[in-house]
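# Observations on the model geometry
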Amino acid sequence: MTKDMEKKLVRTALEYRKRAYAPYSEYKVGAALLAKNGTIYGGCNVENAAYTPSNCAERTAFFKAVSEEVTDFEAIAIFGGYDDTELKTCAPCGVCRQVMIEFCDPDEFLIIIGRSEEDYEVHTLREMLPLSFSPKELKK
Ligand code: THU
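The structure reproduced in this document is the subject of the present report. What you see as residue numbers is a count from 1 along each chain, following the sequence as written. In keeping with the model being predicted, local features are shown solely for residues with a pLDDT of at least 70 and side-chain atom pairs are shown and tallied solely at 80 or more, while totals for entire chains, interfaces and linings include all residues. Calculated side-chain values reflect all of the structure's heavy atoms, with hydrogen atoms and water omitted.

### Describing the pattern of salt bridges
- Think of a salt bridge as a Lys or Arg side-chain nitrogen and an Asp or Glu carboxyl oxygen that are within 4 Å of each other. All told, the structure shown has 7 salt bridges when counted by the stated rule.
- Arg-11 serves as the salt-bridge partner of Glu-117, at 3.2 Å between the closest nitrogen and oxygen. Here Glu-117 is found in the loop between β4 (110-114) and β5 (120-124), whereas its partner Arg-11 is found in helix α1 (residues 3-17), with 106 residues between them in sequence.
- Overall, the relative accessible area of 40% leaves Arg-11 in the partly exposed class.
- Notably, a salt bridge pairs Glu-121 with Arg-115, separated by 3.3 Å at the nearest N-O pair.
- Owing to a relative accessible area of 29%, Arg-115 belongs among the partly exposed residues under this scheme.
- It is possible to trace a salt-bridge network through shared partners that takes in Arg-115, Asp-119 and Glu-121. The helix and strand labels rest on DSSP assignments: H or I over at least four residues marks a helix, E over at least two residues marks a strand, and numbering proceeds from the N terminus. Think of it in three bands: with a 1.4 Å probe and only protein chains considered, a residue is buried below 20% of the maximum accessible area for its type, exposed above 50%, and partly exposed in between.

Put into structure tokens, the structure is as follows:
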């Protein structure tokens, strides 16, 4: 992936973070998911008064894409935090990692996390979810 695309994903995730519906935790998260066809799907966390129906930003982005019949992905950027001016690294939760492994090759799919457009790191899904249980386990 080019540096330009990395930066575009970071900027898109930061933009979508502003759309977070997080009245309970007040922790706002934005994500930008790059599909192999070049389309970027944005997502934000969407919380709920009953708490458990809440959805993470990453899953919002994935479910938007899959509902458009897009299932091949290259990378995702995720940015979260309470304070707009001082973000802390927001690593994807375990449930979101499991959703990623459903669709993505762990050695190719890249996860961008960090604090700003200038200060971020890139990990493979394999690094974030070693020894995963994936769809290939269910092939007889
Ligand atoms: N959250 C995400 O959207 N993505 C993550 O990877 C971590 C957590 C959301 C869920 C909840 O709305 C808020 O952040 C606090 O946990």
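### Structural notes on the nonpolar core
- By size, the foremost hydrophobic cluster in this structure holds 25 residues, and its most contacted members are Leu-33, Phe-62, Phe-73, Ile-76, Met-100, Phe-109 and Ile-111.
- Going through the elements one at a time, β1 (28-35), α2 (57-66), β3 (73-81), α3 (94-103), β4 and α4 (125-128) are the ones with two or more residues in this core.
- Whether two residues touch is decided by their heavy atoms; if any such pair falls within 4.5 Å, the residues are in contact. Beyond its immediate stretch of four places on either side in the chain, Ile-76 contacts Ala-31, Ala-32, Leu-33, Glu-58, Phe-62, Met-100, Phe-109, Leu-110, Ile-111 and Ile-112.
- Residues Ala-32, Leu-34, Ala-75 and Ile-112 belong to the second largest nonpolar core, which totals 11 residues. To form a nonpolar core, buried Ala, Val, Leu, Ile, Met, Phe, Trp, Tyr and Cys residues must be joined to one another through side-chain atoms within 4.5 Å.

### Side note on the state of the cysteines
- The rule for a disulfide is simple: a pair of cysteine sulfur atoms within 2.5 Å. The tally for this structure, following the rule as stated, stands at 0 disulfides.
- With no disulfide of its own, Cys-56 lies closest to Cys-96 among cysteine sulfurs, the gap being 3.8 Å.
- Under the relative-accessibility criterion, Cys-56 is labelled partly exposed at 22%.
- Free cysteine Cys-93: the closest other cysteine sulfur is in Cys-96, separated by 3.8 Å.
- Given the relative accessible area of 30%, Cys-93 is considered partly exposed.

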